[in-house]
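If you want the building blocks of each chain, they are given just below.
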Number of protein chains: 2
Amino acid sequence: MTDATVTIPARKGKAARLPAGRAIKVINTPGTQVVDTWAFVDGDMTEFMSMEHSRAAMNRLTPKIGDTLVTNRRRPILSVVDDTSGEVHDTFIAACDRWRYEGLGVEGFHDSCQDNLHAALAELGLAATETPSPLNLFMNIPWDLAGRIDWKPPVSEPGSYILLKAERDCIVAFSSCPQDIIPINGVGCTPQAAHFVVLDGAAF
Amino acid sequence: MTDATVTIPARKGKAARLPAGRAIKVINTPGTQVVDTWAFVDGDMTEFMSMEHSRAAMNRLTPKIGDTLVTNRRRPILSVVDDTSGEVHDTFIAACDRWRYEGLGVEGFHDSCQDNLHAALAELGLAATETPSPLNLFMNIPWDLAGRIDWKPPVSEPGSYILLKAERDCIVAFSSCPQDIIPINGVGCTPQAAHFVVLDGAAF
């Protein structure tokens, strides 16, 4: 990894500014780690990447290479330039939150992707007005034709990645999902760090 | 129809209070009409029915008889008691909005489900803090195993309905979808009125 590689610590979040035209490589370092992902328009936190608008724009349930995700005002925000992870991601499922862990029987505090989003933005002096439904990178939620869904470990190899290009100036935020009750982060139920690196236009 | 039947006018919205234990019958009067549907906790508009939390709770992409939809705090809010419409509904697609119609080439004003939600709540003296992804009743968005989706007319028969029971005191809001560019409201592309009636516990 280069000096420019940023760690998304295990169970925690990290945000960064991503200018238009640059790309961010989000790396599934252990191969088993789900990374909840958000993007907000730089300068207007009320406009953000929206799964329900993106599915309509893509005519697809999950993004593949060449697809463009859009905001809640239907403007392009991130496009998928490359993906070595197997192209298995999720747009169906909410970020985990305190109520999710309460429902799973956890007593007391548990890290959550929702808290991680807001903490990561706060590190940049920013605040979201809501918690958009995330793009859950590497999360494996298969579906069938009857509409049933299942919760499976990621299919990604260690070090595989997705490369997302900014279609406008944005703030990206990530959470290394702290889910350790069900095996969505691998059968070991052990959340681990993931990484990202911002690339300039000449690098991709 | 009884005196208690309420009209959701063509292209417009309507909201109502629905106390816990009561049910609301949402009727696809012409058979071809999509009805975007929201529910908010009475007394706290920041807690509302959430498609991304409901898919996780139901382990299903769309609700069927017996399923319970939950809020963004993962508490039950509406459950499906009965459904004569063919059980084809959508949870993937955002409410239509001014940007959707701009993208479809409409110049000037066009009614939208997003505007209808906020106008319907305003009639009750209420305001939503955001636009949750709606439960699109009767909307036919088939998917395949590769994740491709399509936009089809409803499969419901005229007068068919879904019966939703309130699991807590809530505000329900509906929009008779004004989409008249693509045939999501039937091949005639003619939005029409739908109806609802609130039933007490003895009636279902």
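Structural data are supplied above this passage.
Residues numbered from 1 in each chain as written. Chains lettered and ligands numbered in written order. Predicted model: local features only at pLDDT ≥ 70, side-chain atom pairs only at ≥ 80, totals over all residues. Heavy atoms only, no water.

A. Focus on unusual backbone geometry. Phi at A:Cys189 is positive, roughly 50°, even though this residue is not glycine. Within the element layout of this structure, A:Cys189 appears in the loop between strand S10 (170-176) and strand S11 (194-199). Phi at B:Arg74 is positive, roughly 65°, even though this residue is not glycine. Structurally, the position occupied by B:Arg74 is in the loop between strand S6 (68-70) and strand S7 (76-83). (Helix = DSSP H or I, 4+ residues; strand = E, 2+ residues; numbered from the N terminus.)

B. Seen up close, the pairing of strand S9 (residues 160-166) of chain B. Residue and element names in this part refer to chain B. Across the seven residues that make up S9, a large majority, six, are buried. For strand S3 (residues 23-28) and S9, the ladder comprises six bridges, and the chain directions are antiparallel. Paired with Lys25 across the two strands is Leu163, which belongs to S9. The sheet contact formed by S7 and S9 spans five bridges and is antiparallel. (Buried < 20%, exposed > 50% of the residue type's maximum accessible area, 1.4 Å probe, protein only. Pairing = 2+ DSSP bridges.)

C. Region of interest: the sheet that holds S11(A). Residue and element names in this part refer to chain A. Taken together, the six strands give an open sheet; going across it, the order is S1-S11-S3-S9-S7-S6, and neighbouring strands pair in antiparallel fashion. The two strands at the open ends of the sheet, each matched to only one other strand, are strand S1 (6-8) and strand S6 (68-70). Each adjacent strand pair in this sheet contributes to an overall mean axis angle of 25°, direction not counted. (Axes fitted to C-alpha atoms, helices over the stretch in contact; angles between N-to-C directions.)

D. Local environment of the interface of chain A and chain B. If you look at the interface, chain A gives 30 residues, while chain B gives 30 residues. The tally of links between chain A and chain B comes to two salt bridges. For B:Asp97, the salt bridge identified is with A:Arg74, shortest N-O distance 2.8 Å. At the junction of chain A with chain B, the criterion picks out 18 residue pairs in polar contact (both at pLDDT 80 or more). Of all the secondary-structure elements, those providing two or more residues to the side of chain A that touches chain B are helix H1 (51-58) and helix H2 (98-103) of chain A. The greatest single-element share of the side of chain A that touches chain B, amounting to four residues, is contributed by H1(A). Across the side of chain A that touches chain B, the residue classes tally to 13 nonpolar, six polar and 11 charged. (Contact = heavy atoms within 4.5 Å. Salt bridge = Lys/Arg side-chain N within 4 Å of Asp/Glu carboxyl O. Polar contact = N/O pair within 3.5 Å; in protein donor to acceptor, adjacent residues only side chain to side chain. Nonpolar A, V, L, I, M, F, W, Y, C, P; charged D, E, K, R; others polar.)

E. Structural context of the pattern of salt bridges. Enumeration over the complete set of coordinates arrives at 26 salt bridges over all chains. Between A:Glu47 and A:Arg75 there is a salt bridge, and its shortest N-O distance comes to 2.8 Å. In this pair, A:Glu47 sits in strand S5 (residues 44-48) while A:Arg75 sits in the loop between S6 and strand S7 (76-83), placing the two residues 28 residues apart along the sequence. Here B:Arg148 and B:Asp144 are joined by a salt bridge, their closest N and O atoms 2.9 Å apart. Judged by its relative accessible area of 49%, B:Arg148 falls in the partly exposed class. Residue classification places B:Asp144 among the partly exposed residues on the basis of a relative accessible area of 23%. In the salt-bridge network here, residues are joined through shared partners; they are A:Arg11, A:Lys12, A:Asp111 and A:Asp180.

F. Spotlight on the environment of A:Tyr101. All names here are of chain A. Along the polypeptide, Tyr101 turns up in helix H2. Using a relative accessible area of 1% as the deciding quantity, one classes Tyr101 as buried. In this structure, Tyr101 is in contact with Cys96, Val106, His110, Asp111, Ser112, Pro178, Gln179 and Ile181, ignoring residues within four places of it in sequence.

G. The arrangement of the packing of aromatic side chains in detail. Residue and element names in this part refer to chain A. According to the stated counting rule, one finds seven aromatic pairs over all chains in the structure shown. Arranged with centres 5.1 Å apart and planes meeting at 40°, the rings of Phe174 and Phe196 form a pair that is tilted. Of this pair, Phe174 sits in strand S10 while Phe196 sits in strand S11, and the two are 22 residues apart along the sequence. For the pair shown, Phe174 and Phe196 are each scored as buried. (Phe/Tyr/Trp six-rings, centres within 6.5 Å; stacked < 30°, edge-to-face > 60°.)

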